[in-house]
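Residue-level structure breakdown
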Amino acid sequence: MKKMLVVLLFSALLLNGCGSGESKANTAETPEVLDVKLTGPEKVNPGESAAYEAAVSYGDEAVTDADEVEFEVWKEGEKDASQMFKAKQEKDASQMFKAKQEKGVYRLETTFKEDGVYTVQSHVTAKKQHSMPTLKVQVGDADAASNQSEEEHTHHH
């Protein structure tokens, strides 16, 4: 009889231990999504300086320590000749033209030399995620209407 009581007590403790482990697993937080908002002028003149910003957040938190932030720029039809630029994080608004003093904002300043439709794409790696939003830019007299078939898109990995 005592053996039966010991076995029942042991079984109850064992089941209770398994149950508490499941409740911990069920209350684990769901991972947030890396959010990158790419902004900047969509129409500029050749030789004019343009600033593009990637505001990076993870949930409600600004990401000030991204693993990597780069901007890629290419002229329509010339993706193979694209250029990559490392982003600067905004730290002191007094040093930048139209700079925002915001945490988690990474910036590229560039000049487009000739007319055309260009793509600016940010490549952001942070919190074990990667995001690559794009923005079309019409430079000078380029006919942007003929290039509307290629939609803006964002990749998340």
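In this text the structure is predicted, and so the values were computed from the model without any measurement.

We now examine the overall build of the protein chain. Across its full length, the protein chain carries one helix and eleven strands. Written out in order from the N terminus, the α and β elements of the protein chain read α-β-β-β-β-β-β-β-β-β-β-β. Every one of the 157 residues in the protein chain was classed for burial, and the buried ones make up 34%. For the protein chain, contacts bridging at least 24 residues in sequence account for 60% of all contacts bridging at least 6. Put simply, the protein chain shows about 10700 Å² of open surface, and 52% of that area lies on carbon and sulfur atoms.

Assignment of secondary structure puts Ala54 in strand 3 (residues 49-58). Residue classification places Ala54 among the buried residues on the basis of a relative accessible area of 0%. Along the backbone, Ala54 and Arg107 are 53 residues apart, and their C-alpha atoms lie at a distance of 6.4 Å. Every residue in contact with Ala54, bar those within four places of it in the chain, is listed here: Val36, Lys37, Phe71, Gly104, Val105, Tyr106 and Ser122.

With that out of the way, let us pick up the pattern of salt bridges. This model, assessed by the stated rule, comprises eight salt bridges. With a closest N to O distance of 3.4 Å, Lys86 and Glu70 form a salt bridge. Of the two residues, Lys86 is situated in strand 6 (residues 83-86) and Glu70 in strand 5 (residues 68-75); the sequence distance between them amounts to 16 residues. With its nearest N and O atoms 3.0 Å apart, the salt bridge here joins Glu72 to Lys79.

The next subject is the confidence of the model for the protein chain. For the protein chain, mean pLDDT is 78; residues scoring 70 or higher make up 64% of the total. Across the protein chain, the secondary-structure element scoring lowest on mean pLDDT is helix 1 (residues 2-26), at 55, and the one scoring highest is strand 11 (residues 134-139), at 97. Segment residues 93-101: pLDDT under 50, and 16 contacts once partners within four positions in sequence are set aside and those in other chains are kept. Confidence drops under a pLDDT of 50 for residues 144-154, and excluding neighbours within four residues, the segment shows 14 contacts in the predicted structure.

Calculation rules
- Residue numbers here run from 1 along each chain, matching the order of that chain's written sequence.
- Per-residue local features of the predicted model are confined to residues with pLDDT of at least 70, and side-chain atom pairs are confined, for both listing and counting, to 80 or more; whole-chain, interface and lining totals are unaffected and use all residues.
- Processing note: side-chain calculations cover all non-hydrogen atoms of the structure and skip hydrogens and water entirely.
- By the criteria applied, helices consist of DSSP H or I runs no shorter than four residues and strands consist of E runs no shorter than two, each listed in order from the N terminus.
- Classification of residues uses two cut-offs on accessible area relative to the type maximum, computed with a 1.4 Å probe and protein chains only: under 20% is buried, over 50% is exposed, and between them is partly exposed.
- The contact rule is simple, with two residues in contact once any of their heavy atoms fall within 4.5 Å.
- Using the Shrake-Rupley algorithm and a 1.4 Å probe, accessible areas are obtained, with residue cover drawn only from the displayed protein chains.
- A side-chain nitrogen of Lys or Arg and a carboxyl oxygen of Asp or Glu constitute a salt bridge if their distance falls within 4 Å.
- Confidence scores here are pLDDT values: one per residue, from the predictor, ranging 0 to 100.

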